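Descriptive structure summary
Residues per chain are reported as follows:
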Amino acid sequence: MARAGQNAAVPADPGGRAPGGPAPVRRRRNAEQTRQALLDVAIGRFARDGYSSTTVRDIADEAGVNVALINRYFTSKEGLFEACLAAAVTDLRRDSDNTSAAAVAPAMAHRIASSAHDGRLPDMLLLLLRSSGDGRADAIRRDFVHTITERMATAAGGHPPGDRAALLRAQILLAAALGMTLLRSSMGVEPLVAATEQDLTEPLSDLVAVLLRPGES
């Protein structure tokens, strides 16, 4: 019991405000920023650690948010992974938009020259190359490869959509570009690793000319 003349402690109200004091300033959560933070962290985690080894708690802890928000924004771990793949596809598909015959080799040279940083593959590319074990996620990857190579075959070679021979040659060209990227980032083979965008454009142009022959099937 408080003695006479002493003020008993008065608990703060549920909002954290002392009686008579100003109302606390509450931070409003920006849903889009939170969603993007989860997406950015998840892309890195899935790319480096793989799908099965990454937990939603790992992702939420690194993003600094409650793990329940993953279900709110992405429904599930699978939904989050698919959102990461969709982001990767959107990023890489920009190179194939409105691709002309003359632009194929320079676009590939630019992507290869700028893809590796600090001796490792970028997360977006790793995400597309790494197997997930999830059928729906892998279907997104296959759709991306089919779409970008069909655009390359049609734009650079003048072939109608669905030309299987031209599509095969475009897929071989893409495989060569991915192989160059892997060698540059993981093996340090010279002169490939030190090649600049300008160095790569000429040999890639030769490769495009051989594989994507206009009007031939």
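In what follows, the structure referred to is the one given above.
Because the structure is predicted, anything quoted here is derived from the model rather than measured.

Analysis parameters
Residues numbered from 1 in each chain as written. Predicted model: local features only at pLDDT ≥ 70, side-chain atom pairs only at ≥ 80, totals over all residues. Heavy atoms only, no water. Helix = DSSP H or I, 4+ residues; strand = E, 2+ residues; numbered from the N terminus. Buried < 20%, exposed > 50% of the residue type's maximum accessible area, 1.4 Å probe, protein only. Lys, Arg positive; Asp, Glu negative; His and termini not counted. Salt bridge = Lys/Arg side-chain N within 4 Å of Asp/Glu carboxyl O. Polar contact = N/O pair within 3.5 Å; in protein donor to acceptor, adjacent residues only side chain to side chain. Contact = heavy atoms within 4.5 Å. Axes fitted to C-alpha atoms, helices over the stretch in contact; angles between N-to-C directions. Parallel < 35°, antiparallel > 145°, perpendicular 65-115°, else oblique. Left-handed = near helix turned anticlockwise from the far one by under 90°. Nonpolar A, V, L, I, M, F, W, Y, C, P; charged D, E, K, R; others polar. Core = buried A, V, L, I, M, F, W, Y, C linked by side-chain atoms within 4.5 Å.

Looking at the side chain of Arg184
Relative to the helices and strands, Arg184 is located in helix H8 (residues 164–186). Within the buried set, Arg184 has no salt-bridge partner at all; the shortest N-O distance to an opposite charge, 7.5 Å, is to Asp199. Side-chain polar atoms of Arg184 contact the backbone oxygen of Ala195, separated by 2.9 Å. Other than its neighbours up to four places away in sequence, Arg184 contacts Ile112, Ala113, Leu192, Val193, Ala195 and Leu200.

Topic: the packing of helix H1 (residues 31–49) against helix H2 (residues 56–63)
Interaxial distance between H1 and H2 falls to 9 Å at its minimum, and their mutual angle equals 125°. Here H1 lies oblique to H2, going by the angle between them. Helix-helix and strand crossings are classified by hand; for H1 and H2 the assignment is right-handed. Listed contacts from H2 to Ala37, Leu38, Val41, Ala42, Arg45 and Phe46 of H1 are Asp58, Ile59, Ala60, Glu62 and Ala63. Residues belonging to the contact of H1 with H2 are distributed by class as follows: eight nonpolar, no polar and three charged.

Looking at the nonpolar core
Core analysis: the biggest nonpolar cluster contains 45 residues, and Phe46 and Leu80 have the highest contact counts within it. The residues contacting Leu80, other than those within four sequence positions of it, are Leu38, Leu39, Ala42, Phe46, Ile59, Ile70 and Phe74.

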